[in-house]
Amino acid sequence: GIIGCGRIADLNIQGYLDHPKCELVAVCDINEALAKKRMQEWGAKKYYTDFEKLCADPEVNAVEILLPHTLHLPAVISAARAGKHISLQKPMCTELWEGRKMVEVAKQAGVWFRVTENFMYYPPFRLMKKYLDAGEIGTPLSIDMRLAGGAGGWWVPLKTWLWHIDPERCGGTPAVYDDGYHKLSIAKFMLGEIEKVKCWLDFTFAVVDVPSLVTWKHKSGQVGVWEVETGVNLMMNHKYYGADEWVEITGTKGVITGTRCTSRLMEIPPLILYKDGQHIAIDDIRDDWADSFHDAGWHFIDSLLEGKQPDLSGEDALYLMKFWKAIWKSSCENREVSLSEIKEEAEQTNA
Ligand SMILES: NC(=O)c1ccc[n+]([C@@H]2O[C@H](COP(=O)([O-])OP(=O)(O)OC[C@H]3O[C@@H](n4cnc5c(N)ncnc54)[C@H](O)[C@@H]3O)[C@@H](O)[C@H]2O)c1
């Protein structure tokens, strides 16, 4: 069952529709016309406007939750208590206690729970990780990431933009927290846990947290940097959002660069390996942003079929939320912050 049929559902649905062992039973959206339209478009059997009802449907055994962030906790509780396996879209929550509560309810219910983000499944980034683990660039020394926001991008309903940029409803900032979840996930995926961060977040029009600079040190010694900027007249060659990424890892004997995840700012190969004085361009690889969503969906279904925890567990997601909280604290207090300083708050409601 799909809960939330808004903007990003267009991409999240693809892997589920395409997986030979997955059947889309039901969709749910509070907007009835949209729920009906999605049911027809995606060939689901039925639609609901209340997620409690979808969760109670005995034909549904797993859900993908694609709701605004303040609804993540109630939807996870509803699905877990009804015994459904859960894939929740990033970012996990607005406060750490909510994330802890999700982990607990899923555990008590004995259901698999993951908090998905798609960048980890972008085929060039997965190959980058393989090269890294195979020692192609020697011992990694640093990771360098860039997000360039720009002009253009697909149509996004105004209602969607409004909750995404409202700190109360989004739970953080639009760039470094909301989009940042992907980048923090990639940093941890590539080089492991983080020891400390030092960051500077600026705001344009008092709303969007650009330009910003996020730096950190991994527990295993490598340094990381993420530059976040937006060019209002920087026209993106896009199919999706008007933004693009760049991830580069330097090692003791080489450099590996992954480009153009969301858009195609530069028409260069999606992965370039430099070693032994030579550039090796890898361009015979799937590199559409939609591929990353597709593969994230397949990973969830395959994990359920194999009866094992999908990647990006609830605990992993809580770790990324702490990474974000440390970034925010560092920027507000203008100092270096260790992740060990970030404590989980006590539960604030009797949800
Ligand atoms: N992976 C990515 O790159 C990416 C990109 C965009 C959004 N997201 C995430 O996806 C999720 C959804 O974001 P979106 O941009 O699609 O938002 P959206 O606002 O377009 O979609 C949310 C949908 O939820 C529906 N909804 C709201 N309240 C509801 C309720 N009580 N019951 C049922 N339906 C309800 C809305 O009508 C809307 O259709 C968020 O977690 C967001 O952070 C991820």
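Residues numbered from 1 in each chain as written. Predicted model: local features only at pLDDT ≥ 70, side-chain atom pairs only at ≥ 80, totals over all residues. Heavy atoms only, no water.

Examining the sheet that holds strand 15 (residues 337-338)
- Ordered in space as 14-13-12-11-7-10-9-8-15, the nine strands form an open sheet in which the pairing is mixed. Sheet topology places strand 14 (278-282) and strand 15 at the edges, where each strand pairs with a single neighbour.
- As paired elements, strand 7 (residues 140-153) and strand 11 (residues 241-251) share 10 bridges and run antiparallel to each other. Bridging from a neighbouring strand, Ser142 pairs with Thr250 of strand 11.
- Running at roughly 150 degrees to strand 7, helix 9 (residues 174-191) makes contact with strand 7, strand 8 (194-201), strand 9 (212-218), strand 10 (223-235) and strand 11 of the sheet. (Pairing = 2+ DSSP bridges. Helix = DSSP H or I, 4+ residues; strand = E, 2+ residues; numbered from the N terminus. Contact = heavy atoms within 4.5 Å. Axes fitted to C-alpha atoms, helices over the stretch in contact; angles between N-to-C directions.)

A look at the nonpolar core
- Formed by 108 residues in total, the largest nonpolar core has its most connected members in Ile86, Met92, Phe113, Met190, Val197 and Trp216.
- At 10 residues, helix 9 tops the list of elements feeding residues into this core.
- Residue-level mapping places this core at the junction of two domains, with at least three residues from each of domain 1 (2-118 + 295-312) and domain 2 (119-291).
- Contacts of Met92, omitting those with residues within four sequence positions, involve His72, Gly99, Met102, Val103, Phe113, Val115, Tyr181, Gly314, Ala317, Leu318 and Met321. (Core = buried A, V, L, I, M, F, W, Y, C linked by side-chain atoms within 4.5 Å. Buried < 20%, exposed > 50% of the residue type's maximum accessible area, 1.4 Å probe, protein only. Domains from an automatic or database assignment.)

What to know about the layout of surface pockets
- By volume, the second largest pocket amounts to about 330 Å³.
- As for the second largest pocket, its lining consists of 19 residues, and the residues nearest its centre are Cys22, Glu23, Asn61, Ala62 and Ile301.
- Within the residue set of the lining of the second largest pocket, elements represented by two or more residues are strand 4 (62-65) and helix 10 (289-306).
- Broken down by element, the lining of the second largest pocket gets its largest block of residues, four residues, from helix 10. (1 Å grid on protein atoms, 1.4 Å probe; cavity = no way out; pocket = protein on both sides within 12 Å on 5 of 7 lines; lining within 4 Å. Points joined across faces, edges and corners; volume = space filled by probe spheres on them.)

Observations concerning the packing of aromatic side chains
- If you walk through the whole model with that rule in mind, you get 11 aromatic pairs.
- Residues Tyr122 and Phe125 carry aromatic rings whose centres are separated by 4.9 Å and whose planes lie at 80 degrees to one another, so their mutual orientation is edge-to-face. For the pair Tyr122 and Phe125, one class covers both residues: buried.
- The interplanar angle of 85 degrees and the centroid separation of 4.8 Å between the aromatic rings of Trp289 and Phe293 together place this pair among those described as edge-to-face. A residue pair is termed a helical-turn pair when its members lie 3 or 4 positions apart in one helix, as Trp289 and Phe293 do in helix 10 at four residues. (Phe/Tyr/Trp six-rings, centres within 6.5 Å; stacked < 30°, edge-to-face > 60°.)

Here's the deal with the side chain of Lys325
- On the secondary structure map, Lys325 appears in helix 11 (residues 314-333).
- With residues up to four places along the chain from it excluded, the contact list for Lys325 reads Thr94, Glu95, Leu96 and Ile342.

With respect to the domain arrangement of the protein
- In terms of domains, the protein is made up of domain 1 (2-118 + 295-312) and domain 2 (119-291).
- Relative to domain 2, the C-alpha centre of domain 1 lies at a distance of 25 Å.
- Domain 1 puts 21 residues into the contact, and the matching count from domain 2 is 27 residues.
- Together, the buried faces of domain 1 and domain 2 total about 2100 Å²; carbon and sulfur atoms form 56% of this surface.
- Summed over the three residues of domain 1 that lose the most area to domain 2, namely Arg7, Glu117 and Asn118, the buried surface amounts to 33% of that side.
- Across the domain 1-domain 2 interface, the total number found is two salt bridges.
- At the junction of domain 1 with domain 2, the criterion picks out 13 residue pairs in polar contact (both at pLDDT 80 or more).
- Secondary-structure elements contributing two or more residues to the side of domain 1 that touches domain 2 are helix 1 (9-18), strand 6 (113-116) and helix 10.
- Ranked by the residues each element gives to the side of domain 1 that touches domain 2, the list is headed by helix 10, at three residues.
- A class-by-class count of the residues in the side of domain 1 that touches domain 2 yields nine nonpolar, six polar and six charged. (Buried area = accessible area lost by both parts, 1.4 Å probe. Salt bridge = Lys/Arg side-chain N within 4 Å of Asp/Glu carboxyl O. Polar contact = N/O pair within 3.5 Å; in protein donor to acceptor, adjacent residues only side chain to side chain. Nonpolar A, V, L, I, M, F, W, Y, C, P; charged D, E, K, R; others polar.)

Re the pairing of strand 10
- In this sheet, strand 10 lies alongside strand 7 in parallel orientation, the contact comprising nine bridges. Considered in strand 10, the bridge of Ala151 is made with Met235.
- Taken together, the six bridges between strand 9 and strand 10 define a ladder with antiparallel strand orientation. Looking at strand 10, one finds that Ser212 is bridged to Val228.
- Between strand 9 and strand 10, which follow one another and run antiparallel, lie four residues, and Gly221 among them has a positive phi close to 105 degrees.

Description of the packing of helix 1 against helix 2 (residues 32-42)
- Between helix 1 and helix 2, whose axes approach to 12 Å, the crossing angle comes to 35 degrees. Seen along the crossing, helix 1 lies across helix 2 with a hand that is right-handed. Residues Ala9, Asp10, Ile13 and Leu17 of helix 1 form the contact with helix 2, whose participating residues are Arg38, Glu41 and Trp42.
- A class-by-class count of the residues in the contact of helix 1 with helix 2 yields four nonpolar, no polar and three charged. (Left-handed = near helix turned anticlockwise from the far one by under 90°.)

Side note on helix 11
- With 20 residues, helix 11 extends 28 Å between its outermost C-alpha atoms, agreeing within 8% with the 28 Å of an ideal straight helix rising 1.5 Å per residue.
- The element helix 11 is largely enclosed, with a buried count of 14 among its 20 residues.
- Asn334 lies just past helix 11 and shows a positive phi near 50 degrees. (Expected span 1.5 Å × (residues − 1).)

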